[in-house]
Amino acid sequence: MRNKFLGTGVPGYNPLRKLAVIFSGLRFAIIYDLSVAYKVVLSFGVLVAAFLLRAWMDFLLIFVATGLMLIAEIFNSTIEAVCDYLQSAEDRKIGAIKDMAAASAGIAIFLWIVVLGYEVVEMILHLRHKPLLIVFP
Ligand SMILES: Nc1ncnc2c1ncn2[C@@H]1O[C@H](COP(=O)(O)OP(=O)(O)OP(=O)(O)O)[C@@H](O)[C@H]1O
């Protein structure tokens, strides 16, 4: 991997390599963090339901809220890992940095819960009145 500051690594633009890096990061975030994995699975289920109901705006809203939650969770884990790498001993500054990172993840998770909760309740109410809607939207 190229380090543009040190001038080391393989130069040049390689989109496939970038994609591989993105998927590797996602794999780390989802496989090694159960709290992220179950949220992604939950979102996927609700996304499929929104797709079957042809509720495109709801689909987009769930998609954006899930993306926001994933971004914040991944940044939070990254900051925690950098902190632990730089200072594994007890340190007040590290504690404050980690707390701030956790706060940003907490806000994104709160928004995700509000969106997902609203969407699930809406879908249940919808299907209670028109149960065949999932087959014949
Ligand atoms: N080196 C440290 N010095 C001082 N306080 C710390 C330190 N490491 C962690 N903490 C405190 O413990 C809290 C939890 O940190 P930790 O790294 O254990 O995250 P976590 O609970 O594993 O979070 P997540 O579930 O997102 O992985 C931090 O928010 C911080 O307040």
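Residues numbered from 1 in each chain as written. Predicted model: local features only at pLDDT ≥ 70, side-chain atom pairs only at ≥ 80, totals over all residues.

Its 17 residues give helix H1 (residues 15-31) an end-to-end C-alpha distance of 24 Å, which sits within 8% of 24 Å, the value for a rise of 1.5 Å per residue. Counting buried positions over the 17 residues of H1 gives 1, only a small fraction of the element. (Helix = DSSP H or I, 4+ residues; strand = E, 2+ residues; numbered from the N terminus. Expected span 1.5 Å × (residues − 1). Buried ≥ 20, exposed ≤ 12 C-beta atoms within 10 Å, placed from the backbone.)

We now examine the site of the ligand. Close contacts around the ligand come from Asn76, Glu80, Gln87, Glu90, Asp91, Ile94, Gly95, Lys98, Asp99 and Ala102, and that covers them all. Contributing elements (two or more residues each) for the shell around the ligand: helix H3 (56-86) and helix H4 (92-129). (Near = placed C-beta within 6 Å.)

Here the focus is the domain arrangement of the chain. Along its sequence, the chain is organised into domain 1 (1-32) and domain 2 (33-134). Once you take the C-alpha centre of each, domain 1 and domain 2 turn out to be 24 Å apart. Broken down by class, the residue content of the side of domain 1 that touches domain 2 amounts to 4 nonpolar, 1 polar and no charged. (Domains from an automatic or database assignment. Nonpolar A, V, L, I, M, F, W, Y, C, P; charged D, E, K, R; others polar.)

Taking the numbering used here, the UniProt-annotated feature "transmembrane region" (unreviewed entry) corresponds to residues 36-53, 59-79 and 100-118. Its end C-alpha atoms 30 Å apart, residues 59-79 is made of 100% helix and 0% strand. Taken end to end, residues 100-118 comprises 100% helix and 0% strand; its first and last C-alpha atoms sit 27 Å apart. (UniProt positions renumbered as here; feature names shortened; annotations may be inferred.)

Glancing now at the environment of Ile71. Note that Ile71 resides in helix H3. We classify Ile71 as partly exposed; it has 14 C-beta atoms within 10 Å. Placed 37 residues apart in sequence, Ile71 and Ala108 show a C-alpha to C-alpha distance of 8.7 Å.

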